[in-house]
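Summary of the model geometry
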Amino acid sequence: MEERVVLSVEHLHISVPAPQGTKKLMNDVSFDLKKGQVLGLVGASGSGKTMTCLAIMGLLADSVLVEQGTIRLEGHNLLQLHPRQMRALRGSRIAVIMQNPMSAFNPTLTIGAHFVETIRTHRPLSRKEASELAVTYLAKTGLRFPDKLMDQYPFQLSGGMLQRVMIAIAMSLQPAVVIADEPTTALDSVHQTQLLDQMYRLCQEQDTAMLLVSHDLGVIAYMADEVMVMNNGSIVEKAPAADLFERPEHPYTRMLLQARADARLA
Ligand SMILES: Nc1ncnc2c1ncn2[C@@H]1O[C@H](COP(=O)(O)OP(=O)(O)OP(=O)(O)O)[C@@H](O)[C@H]1O
């Protein structure tokens, strides 16, 4: 594995049982993610983006079958790990930032309690040390009065603030890889840009790689170094972002870009 590659997906084939045999959900998917890189993943609804994220996180449904392939994180083949080992990696080496922050929080726990519990699950820190780390990271995501925030409950925060808290929690464990699945879809465009900037800065600071999933090509163009286009469970094109947006090669990529241009004119 090349030195800067942290995550390597090779020849991944995934299927589910169907009335006539099996239905293929991912077909020979391969890609590498390097330290500090932002890799964008785009594709229409149902193309397999979330399935790719779930496979990496070891969270595929029981009915889903990995027929072939490997997923290596820092040299470990994730598909061969015991669920306990996978749980230990999830959160610490692979972090996830999802679309709907409210569903990620327990409404009866303060922000501080969420933070301290997550940190202490993965790091041998005292409550006080975990609390200090939490405050540091809340401030790093641009949240004001982080000390006060620690005592507040999720329902007291806006969606944008909660999304920042989720990013702060994810980044405080200094993961090798962050999977961000539509991280800013619920936000207006000003908050979206601020949050993307903040995420980018933190990842660069910590040399964390990001797999950024979005149906929004604007978000991908703004953030990604490289872009993969997925259709029907296959990667149909992968290229540096500037090349992909200027000279799309695959007809499906051209169609996605055209649909975006049409939507802008409408
Ligand atoms: N547990 C499952 N069992 C059977 N089929 C599934 C399961 N989960 C997802 N699928 C199917 O796998 C395909 C890929 O789904 P996936 O959620 O990865 O798409 P997506 O690109 O993330 O779409 P969206 O942008 O709408 O989130 C879809 O056809 C979906 O219906």
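Note that the coordinates shown come from a computational prediction; the quantities given were computed from them, not determined experimentally.

**Thoughts on the sheet that holds strand 4 (residues 65-73)**
- Taken in spatial order, the 4 strands make up an open sheet running 2-1-4-5, and their pairing is antiparallel. This sheet does not close on itself; its edge strands, each paired only once, are strand 2 (21-34) and strand 5 (76-77).
- Two elements, strand 1 (residues 5-18) and strand 2, share 10 bridges in a ladder whose sense is antiparallel. If you follow Ser8 over to strand 2, its bridge partner there is Asp32.

**Observations regarding the UniProt feature "domain: ABC transporter" (unreviewed entry) in the protein chain**
- In this structure's numbering, the residues bearing the UniProt feature "domain: ABC transporter" (unreviewed entry) are residues 7-257.
- For residues 7-257, the helix share is 42%, the strand share is 27%, and the end-to-end C-alpha distance is 28 Å.

**Looking at the environment of Phe31**
- Tracing the sequence through the fold places Phe31 in strand 2.
- Given 17 C-beta atoms within 10 Å, Phe31 falls into the partly exposed group.
- Linking Phe31 and Met228, residues 197 residues apart in sequence, is a C-alpha distance of 8.7 Å.
- Non-local contacts of Phe31, meaning those with residues more than four positions away in its chain, are made with Val9, Leu39, Met228, Ile235 and Lys238.

**Some details on the confidence of the model for the protein chain**
- For the protein chain, the average pLDDT comes to 91, and 98% of its residues sit at 70 or higher.
- Mean pLDDT per element in the protein chain: helix 3 (residues 101-104) is the minimum at 76, and strand 3 (residues 38-42) is the maximum at 97.
- Scoring of the predicted complex yields 0.92 for pTM and 0.92 for ipTM.

Each value, and the rule that gives it
Residues numbered from 1 in each chain as written. Predicted model: local features only at pLDDT ≥ 70, side-chain atom pairs only at ≥ 80, totals over all residues. Pairing = 2+ DSSP bridges. Helix = DSSP H or I, 4+ residues; strand = E, 2+ residues; numbered from the N terminus. UniProt positions renumbered as here; feature names shortened; annotations may be inferred. Buried ≥ 20, exposed ≤ 12 C-beta atoms within 10 Å, placed from the backbone. Contact = placed C-beta atoms within 7 Å. pLDDT = per-residue confidence, 0-100.

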